[in-house]
Amino acid sequence: MDVSTCLKSLLLAIRQYRNNKSALNASQLQKHIEEVCGLKCGGVLFSGQVLPSECLSGLMEVAGDPNTNHTLTGTIISLLAQFASDGEAKEALHSSYNFTGTLAAIIHCNRTTPEEPLVLQCLNVLQRLTYNVRTLHCVSHIHELINFLMQHVQSSNDDTVKACLGLMANLCRHDISVQSHIKSQSNVKAFYRALINFLGHNCLTDVVFALSILSSLTLNEEVGQKLFNAKNIHQTFQLIFNITVNGDGTLTRNYAVDLLVDLLKNPKIADYLTKYKHLSVCLSEVLGLLHSKDPDTASKVMELLVSLCSVPVLRKLVCETVLRAPAPRIQPGTRKGVQARGSEPSLALVHWVTSPLDGPEQCYMQALSLLTELFEEAIDSSLCSSAQSFVELLLQEVLVLLQSPDSTEGDQLLKKHCLRAGRVVDFLLVLCGDDALRMLVSQRLSPEVCVSQVELLLSYCQELAGSTCTTSNYQLSQVCSEVVLRTLELMSHLKQQMPDMETSFYRILQDQRMVTPLSLALTSNCREHVQVALRILFEAAPLPDFPSVILGDSIAANNAYRQRDSELSVRSSSACDDVSFVGKSFSMMHAEPSGSAYHSIDSLIKKLRNGVELQEKVKDVHMSEVIDVYEQKLSALACKESRLQDLLEAKALALSQADRLIAQYRCQRAQAEAEARKLASLLKDTERRKEDLQTELNDQLLEVERLKSDSQQLLEHNGRLQAVADQHQELKGTYNQLLCRYDKGEGMLKELQAAHISLTQQAEGLKKINEGLKLEQERTLAEMAEKEQQIKGLKSDVLEKDRNITGLQNELKRQEEQIHEMGENISILRKELNKTEQARKDSSIKASSLELQKSQLEARVEKMEEDLSKHTQMIAMIHSLSSGKLKDVTANLSL
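Within each chain, residues carry numbers counting from 1 in the order of the written sequence. Only residues with pLDDT of at least 70 are given local features in this predicted model, and only at 80 or more are side-chain atom pairs given and counted; all residues enter the totals for whole chains, interfaces and linings. Working from all heavy atoms in the structure, the side-chain values ignore hydrogens and water.

Engineer: Looking at this structure, how should I read the overall build of the chain?
Structural biologist: Working definition: helices are DSSP H or I runs of at least four residues, strands are E runs of at least two. Numbering for both runs from the N terminus. Along the backbone of the chain there are 38 helices and zero strands. Partly exposed residues are those whose accessible area sits between 20% and 50% of the maximum for their type, while under 20% is buried and over 50% is exposed, using a 1.4 Å probe and protein chains only. Burial analysis of the chain (895 residues in total) assigns 41% to the buried set. Here, two residues are considered to be in contact whenever any of their heavy atoms come within 4.5 Å of each other. Excluding contacts between residues fewer than 6 apart, the proportion of contacts in the chain whose partners are at least 24 apart in sequence is 73%. Of the roughly 50200 Å² of accessible surface on the chain, a fraction of 53% belongs to carbon and sulfur atoms. With residues, only the protein chains shown are counted as cover, and all accessible areas are computed by Shrake-Rupley using a 1.4 Å probe.

Structural data, given as structure tokens:
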């Protein structure tokens, strides 16, 4: 199945699915999408034709629908993600079809389930799509996407964290609007802390992402000054160089190089790098990567070296490191020397410069830019003579690049050849700044190469002027014109050393096809292009056959067309905003000032020829405004037709003037000889006036330089004021939100005040109760203290009574013993009673004394019984026994 049939089937399946979103239609659509994936039809899809544009617009609509099945959405994203690395397809997806807004809308719809595979797929595709591309601030859901990324940089899923950090690094880089939005968020400080925590992460990719975001957001703030100060910046340099040399993948290396390139734009950090003690070693290791077979790695390393050359001190160091290495001798008639000694960075540069035209464009473009920077420094320093042998080898390889490509290879390769030829010519112009190198270039370069190059470009410019006016044709015409003028400037530098070059140079200047490049350059908004065109015009103006009249008419026509186009753009800007989806369907709305009209007219003509009607959606939305836009584009076509008619009339007038001038030339030649003598006398006066005017010119030049610096300062001030104005608008919206929150807070404050009064009354009552409880507590404490004193006294009394009881018990035992002895004595006395009277009297006396003692003992025993009855039953028993025995004794004694 061919591509056209496959796309028609895909468009039919898209329409069927939009009309009826059934499972069968979804499966059919997914099947057709998978078929397109296998065809590798990126060139057709993004060609700007009607059928591919409608297919892409339909796929965007289906993918952006929240009701679409996740599997179908993922299949569509996988198809479009194949083209996210291609330059032109990536630009078309980003600007014409708003693929960025579609992916952001999908993420916004699934923000509650960030762990979904579809969300991670969208994040990864967005990271590839937004790399080195500035995102428009008006993209739908861009603010919601930024808030999502800020919220999920601390997710538990490592893949989600890496994708969020990488996408945030892309969005923040060189985009002031995104940076302002992030800084206006309430959780920005927590976001900064999270990024700083990532600096100690084990994954180097996450570390580089976090450093890139912090440098974009805080480099000129207090946080950035602390983070990138003199103490920490050397660790950052070491980390970047380690990742660049030993990085775990091309992605990490690319972001590390971008980070260092951005940091070098800060003068303070660039000065820190010049003082970095390991810079020479790191630079040698980086140069070793030029021998890598990976073109992406080599192009990124060369981009880093070109950025280092922007710092004068580093530029000299890079130049010495690359050019001081000994170059091999040339072997005439061979090109094998490039691969002879792969250890030298200069030879690696030659290898990448001579890479195939259909290879990666960045490799040979960055290599040529780096060589231009290096030889600019070499010419200004003492390295020029030592690098002469390398220049001989380099010229042998570089001049081959100026050979014209095969015309059957297509416009794309021709455009690449024009871009590379322009860089080669720039490099040769730098070499012409030194006399010795200019002589070497003149020996190697032949006039035929320059003439064939100019002829190719002029003929191709003429073909583009006669073909359909599209944006790509306009851009290619601009590139060809620039390369033609640069080649002529190179021929102007070499014409003194090469007589054949001078003849070819003046012959080309009198070609009427030179009108187009000169008129485009003179009306360009680029200062360098205008200056180059003026220098060539100064050489061409004195020539007799130079088409000055046609050039003037062409410049006037270009200016009139630019003015007319700008007026139409201003009048149709509001209508274009209302029908922005028409730009998606027909690829109309581009940003180039002159190419936008070409592309819009081309799309309109295709629509009118094919008889394609606008969709019902376009009819429903501001049909009158769409008609106004088309009327304005038709008027632009009429204006272009009138301009072409004016150019034809001017050409006819120029031919008639040429015939008349040939006749006038013969008579004017005689007059010129007479006037020559008169001019000789006037020459001296002119010389004197020239000196006076030269002094005035110098003063005026100084004044112009001063005015340029003032204007530059005013432009910078205007930019700052614009940023302040944007910030004011954001603060105004924030103020309105805070005002609403203030009203709500005031109502809540009144309720809280009433509740506060009631709580205050309750608190006072509780306070009084608390005071009463405190007094009662104090009384209780005092009573407790008294009770404790009493308990202590009772304890001491109990101890003393225990001691007394112990003494009485001992005395009782002693008395019992005495009673026992008395009983024995009584028995002896009974036996001896009759023996002696005196003994009886003594016994009576003893008995009376014992009775007295007994009475005393009885009183003491009664007292002891009262005390002992309170404490223990044992003492009572002892007392009862004692009293019983005493009664017996008493009875015995009484007997």
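Engineer: Would you take a moment to explain unusual backbone geometry for this structure?
Structural biologist: Keep in mind that most residues, glycine aside, have a negative phi and that most peptide bonds are trans. Look at Asn132: it is not a glycine, yet its phi comes out positive at around 60°. Mapped onto the secondary structure, Asn132 falls in the loop between α8 (117–129) and α9 (142–152). The backbone of His174 sits at a positive phi, close to 60°, despite the residue not being glycine. By the element assignment, His174 lies in the loop between α10 (158–172) and α11 (176–183). Residue His174 is classed as partly exposed on the basis of its relative accessible area, which comes to 48%.

Engineer: Would you mind showing me how to read the side chain of His152 here?
Structural biologist: Turning to its location among the elements, His152 is positioned in helix α9. In the analysis that follows, any N or O atom pair within 3.5 Å is treated as a polar contact, provided that within protein one partner can donate a hydrogen and the other can accept it, and provided that, for residues neighboring in sequence, both atoms belong to side chains. A distance of 2.9 Å separates a polar atom in the side chain of His152 from the backbone oxygen of Phe148.

Engineer: Explain the layout of surface pockets to me, please; I cannot follow it from the model alone.
Structural biologist: Unfilled space is identified by rolling a water-sized probe across the atoms. By volume, the second largest pocket amounts to about 1300 Å³. In terms of lining, the second largest pocket is formed by 35 residues, of which the most central are Ile176, Gln179, Ser180, His181 and Lys183. Counting residues per element, the lining of the second largest pocket draws most heavily on helix α36 (residues 623–832), at 12 residues. In this count, Pro and Cys sit with the nonpolar residues alongside Ala, Val, Leu, Ile, Met, Phe, Trp and Tyr, while Asp, Glu, Lys and Arg are called charged and the others, Gly among them, polar. The residue makeup of the lining of the second largest pocket, split by class, is seven nonpolar, 19 polar and nine charged. Think of a 1 Å grid over the protein atoms and nothing else: a 1.4 Å probe that fits but is trapped marks a cavity, an open set flanked by protein within 12 Å on at least five of seven lines marks a pocket, and residues with an atom within 4 Å of a point count as lining. Grid points are joined across faces, edges and corners, and a volume is the space filled by probe spheres set on the points.

Engineer: It is not clear to me how helix α2 (residues 23–37) should be interpreted in this structure. Could you clarify?
Structural biologist: In an α-helix, one turn spans 3.6 residues; hence positions three or four apart end up facing the same way. The end-to-end C-alpha distance of α2, which contains 15 residues, comes to 21 Å, matching closely the 21 Å that a straight helix rising 1.5 Å per residue would cover. What α2 keeps buried is the set Asn25, Ala26, Leu29, Gln30, His32, Ile33 and Val36. Along α2, the residues classed as buried sweep out an arc of 165° about the axis, all on the same side. Facing away from the buried side of α2, by more than 90 degrees, are the exposed residues Ala23 and Leu24. Helix span, as expected, comes to 1.5 Å for every residue beyond the first. Read the arc as the range of directions from the helix axis to the C-beta atoms.

Engineer: Any chance you could explain the packing of aromatic side chains here in plain terms?
Structural biologist: One pair of aromatic rings is described through two measures. These are the centre distance and the angle between the planes. Aromatic pairs are defined between Phe, Tyr and Trp rings, using the six-membered ring for Trp, whenever the two ring centres lie within 6.5 Å; interplanar angles under 30 degrees are classed as stacked, those over 60 as edge-to-face, and all others as tilted. Under the definition given, this model contains seven aromatic pairs. Among the aromatic side chains, those forming a connected cluster through ring pairs are Tyr131, Phe209 and Tyr255. By definition here, charges over rings are those cases where NZ of Lys or CZ of Arg is within 6 Å of the ring centre and within 35 degrees of the ring normal. A cation sits over an aromatic face here: Arg420 above Tyr364, 5.0 Å from the ring centre.

Any link to function would need more than the numbers given here.
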